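Here's the letter readout for the chains.
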Amino acid sequence: MKDKFPGYYPPNEKEEKLLWDEAIFVFDTCSLLNLYSYSDSTRDELLGVLNKIKDRLWMPYQVASELHKNRVLRIAQERKNYADTIKSIDAFRKDIDKRHRSKRQHPFISNESFERLVNALDAVQKEMEDCRDKHDRKLHDDSLFENICSLFGSNVGNGFDEKRHSATCEEGKKRYKAKRPPGYMDGDAAGRDAKPEPDRYGDLVLWYETIDHAKSKSKPVVFVTDDSKEDWWRISPIESRKTLGPRAELIEEFIAVAEQKCWLYSSESFVSRATDFIKVVSTKAQSEVKNIARSDTPGLLTGIFLPSFKLEDMIADSFSKSQREREDVFAKAIASVANPSISPEAIKFLAPTFKFEELAKEAFHKALAKQEVIDALKDCASAVDDDLDLDERDQLDEDDPEGADENALNED
C-alpha cells in the first residue's frame, strides 16, 4: 500500500533524517519573501540555519525571477504595514487623550497612570517609526537580499528556453482545467481574479525545474513553500486552515519522473524540524514564523508587532488590577458582541466613560482567540456586576437623564 500511494505517507523518523542529511533544499518565492516580515533576531536565526545547508541550497530560475520582480513590492508593503500601525497608535493616543482631558474626566485613570500609558505608546510608536525607516533604506541598501544572493551563490537554475517554457504553459492549461497541482489556483478555477498569462503557470514551471534538477543530480528534495492553497496541500474538509500534508499527486509525480524522494514543508514546519536536524531555532523565532505564515497580512500586528511589543500588555499594565478587570470586561464584551454573561447594567455603567471598542480593535487585534475571550469574559463578569452598587448607577442616570451615552454605545 505504502509503495503504491507514497504521497499519503509522510517519512518516518529514520527516513526524514536521511532526507535532511542528503537532500537538496528548495525554497519558493513566498517563503523567501517572508524573510522581510520577520524581526531582525528571527531573520538572523533563519539565515543561520540556511548557512548550515548552504552547499545543498538550490533556487529554480523561476523563483529567482519572481524574487527580483517582487522584492521591492514586498518592502513597500512592509513599509505600509508599519505606517498603518503607527497611524492606528497615533489615532488611539489622540482619542484617549481627548477623552481624558475632557470636562468629564475619566473616573478610573489617574493622571499618573495616564502618563505611563502615553509613555508606553510613545515608546512603541518610536520603535515602529525606526523599523519603518529601516525598511525604507532597504529599497537602496538591501542587506537581506545580499545575504540571500550570497547563500545561494551560483546554485540557481538556468531556466527553460522559450520552446520548453511555451510547452509548459500549454500543458499548464490542461492541468489547471483538470485541477491537477501545482498552480491551478492561480488560474481561474478558484473563482477569483486569475494571474495573467503566462505568470499563472509560475508554480508549474518551478515545479518542473525542481524535478529536472533532482533527476540530474540524483538527489532527493526538501521543498519549502509558504503558499497555503489547496494546489500544494491537502486541506482538511472540516478545519479549513488545517493541512493534512502535501498533495499526494505532487509527491507521486516527483518520484515517478525524478526517481527521487521529495517532501514538502511550510516555513513553520521547516524551522521546527530544522531544530531537530540542523540547528536549534528559538521558541520565539518559531512562534514568529508561525504568526507570519498564518497571517492574512504578513508583517502587520500578528507577525511582528504583537509578538515583539505586546501592546495589550503595555496598556493593561498602565492600570491597576481592579481597574483593569472593569476595562477588560467592556473590551471583551465588545469583542464577543456583548456576551449575555454581562448584564445590561454593567455595560451601561461602563459605556459612557470607556470607548473600549477602539482598544479591542487595536490592542487585542488577533491576540486572543474567540473562545479565550468568551472564557475570560465569563470569569470576571459576575465580579463586575457585584461591584456595581445602585448609588453609582443612580448617579449615572442623573448625569445622563436622556440615556445619550447608552444610545451612543448602541450606535458604536
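Look above for the structure.
This report concerns the structure included in the present document.

Calculation criteria
- Residues numbered from 1 in each chain as written.
- Predicted model: local features only at pLDDT ≥ 70, side-chain atom pairs only at ≥ 80, totals over all residues.
- Heavy atoms only, no water.
- Buried < 20%, exposed > 50% of the residue type's maximum accessible area, 1.4 Å probe, protein only.
- Helix = DSSP H or I, 4+ residues; strand = E, 2+ residues; numbered from the N terminus.
- Arc of directions from axis to C-beta.
- Contact = heavy atoms within 4.5 Å.
- Phe/Tyr/Trp six-rings, centres within 6.5 Å; stacked < 30°, edge-to-face > 60°.
- Lys NZ or Arg CZ within 6 Å of the ring centre and 35° of its normal.
- Expected span 1.5 Å × (residues − 1).
- Pairing = 2+ DSSP bridges.
- Salt bridge = Lys/Arg side-chain N within 4 Å of Asp/Glu carboxyl O.
- Core = buried A, V, L, I, M, F, W, Y, C linked by side-chain atoms within 4.5 Å.
- Axes fitted to C-alpha atoms, helices over the stretch in contact; angles between N-to-C directions.
- Parallel < 35°, antiparallel > 145°, perpendicular 65-115°, else oblique.
- Nonpolar A, V, L, I, M, F, W, Y, C, P; charged D, E, K, R; others polar.

1. Details of helix α1 (residues 13–22)
- Every buried residue belonging to α1 is among Glu-16, Leu-19 and Trp-20, and all of these are buried. Buried residues of α1, viewed axially, fall in a sector of 95°; they line one side.
- Tucked inside the fold, the buried residues of α1 contact β1 (24–27), β2 (221–224), β5 (262–265) and α10 (267–277).

2. Some points on the packing of aromatic side chains
- By the definition in use, this model includes 11 aromatic pairs.
- Between the aromatic rings of Phe-27 and Phe-270, the centroid separation amounts to 5.3 Å while the plane-to-plane angle is 85°, which identifies the pairing as edge-to-face. Here Phe-27, found in strand β1, pairs with Phe-270, found in helix α10; they are 243 residues apart in sequence, far enough to count as distant.
- Residue classification places Phe-27 among the buried residues on the basis of a relative accessible area of 6%.
- With a centroid separation of 5.2 Å and 15° between ring planes, the pair formed by Phe-223 and Trp-232 is classed as stacked. Grouping residues by exposure puts Phe-223 and Trp-232 together as buried.
- Three or more aromatic residues joined by ring pairs make a cluster, and in this case those are Trp-20, Phe-25, Phe-27, Tyr-265, Phe-270 and Phe-277.
- When the ring centre of Phe-145 is taken as origin, the NZ or CZ atom of Arg-71, which lies over that ring, is 4.9 Å away.

3. Observations concerning helix α8 (residues 202–217)
- In this model, α8 (16 residues) spans 23 Å end to end at C-alpha, consistent with the 22 Å of a helix rising 1.5 Å per residue.
- The element α8 is largely enclosed, with a buried count of 12 among its 16 residues.
- Looking only at α8, the buried set comprises Gly-202, Asp-203, Leu-204, Val-205, Leu-206, Trp-207, Tyr-208, Glu-209, Thr-210, Ile-211, His-213 and Ala-214.
- After α8 finishes, the residue Ser-218 shows a positive phi value of roughly 50°.

4. So, the side chain of His-213
- With respect to the helices and strands, the residue His-213 is situated in helix α8.
- With a relative accessible area of 14%, His-213 lands in the buried category.
- If we skip the residues at most four places from it in the chain, His-213 touches Ile-24 and Trp-58.

5. So, the pairing of β5
- Of the two faces of β5, the one holding Cys-262 and Leu-264 and the one holding Trp-263 and Tyr-265 are both buried throughout.
- When β2 meets β5, the two strands line up parallel, connected through four bridges. Residue pairing in the sheet places Val-224 in a bridge with Tyr-265 of β5.

6. Notes on the pattern of salt bridges
- Per the counting criterion, the structure on display carries 21 salt bridges.
- Between Lys-80 and Asp-84 there is a salt bridge whose closest N-O contact spans 2.8 Å. Of this pair, Lys-80 and Asp-84 both sit in helix α4 (residues 61–100), four residues apart, roughly one helical turn.
- Through salt bridges with shared partners, a single network forms among Glu-13, Glu-16, Arg-273 and Asp-276.

7. Description of unusual backbone geometry
- A cis amide bond links Pro-181 to the next residue, Pro-182, at an omega of 0°.
- Along the chain, Glu-197 connects to Pro-198 via a cis peptide bond; the corresponding omega equals -5°.
- Tracing the backbone shows Pro-198 in the loop between α7 (162–177) and α8.
- Located in the positive-phi region is Lys-179, a residue other than glycine, with phi close to 55°.

8. Digging into the environment of Asp-136
- Residue placement: Asp-136 occurs in helix α5 (residues 111–138).
- Among the residues examined, Asp-136 registers a relative accessible area of 26% and is labelled partly exposed.
- Here the alpha-carbon distance between Asp-136 and Ile-75, two residues 61 residues apart in the chain, equals 7.7 Å.

9. Considerations on the nonpolar core
- Counting 62 residues, the largest nonpolar core has Trp-20, Phe-27, Trp-207, Leu-264 and Phe-270 as the members making the most contacts within it.
- Here the element with the most residues in this core is α8; it accounts for six residues.
- Once you skip the residues sitting within four places of it in the chain, Phe-27 turns out to touch Leu-32, Leu-50, Leu-57, Trp-58, Val-63, Phe-152, Val-224 and Phe-270.
- By size, the runner-up hydrophobic cluster in this structure holds 12 residues, among which are Ile-86, Ile-89, Leu-117 and Val-118.

10. Side note on the packing of α1 against α10
- Where α1 meets α10, the axes come as close as 11 Å, and the angle between the chain directions of the two elements is 90°. When the axis of α1 is compared with that of α10, the two are roughly perpendicular. Contacts between α1 and α10 involve Glu-13, Glu-16, Lys-17 and Trp-20 from the first element and Phe-270, Arg-273, Ala-274 and Phe-277 from the second.
- In the contact of α1 with α10, the residues fall into four nonpolar, no polar and four charged.

11. Topic: the sheet that holds β2
- Read from one edge to the other, the open sheet built from three strands follows the order β1-β2-β5, with strand pairing classed as parallel. Looking at which strands have only one partner, the edges of the open sheet turn out to be β1 and β5. Averaged over all pairs of adjacent strands, the angle between their axes in this sheet comes to 20°, without regard to strand direction.
- Alignment of β1 against β2, held across four bridges, turns out to be parallel. Note on β2: the bridge partner recorded for Phe-27 is Val-224.
- Helix-sheet contacts for helix α9 (residues 248–258) involve β2 and β5, and the interaxial angle to β5 is about 145°.
- Here α10 sits on the sheet in contact with β1, β2 and β5, set at roughly 110° to β5.

Take it as geometry only, folks, not as evidence of what the structure does.
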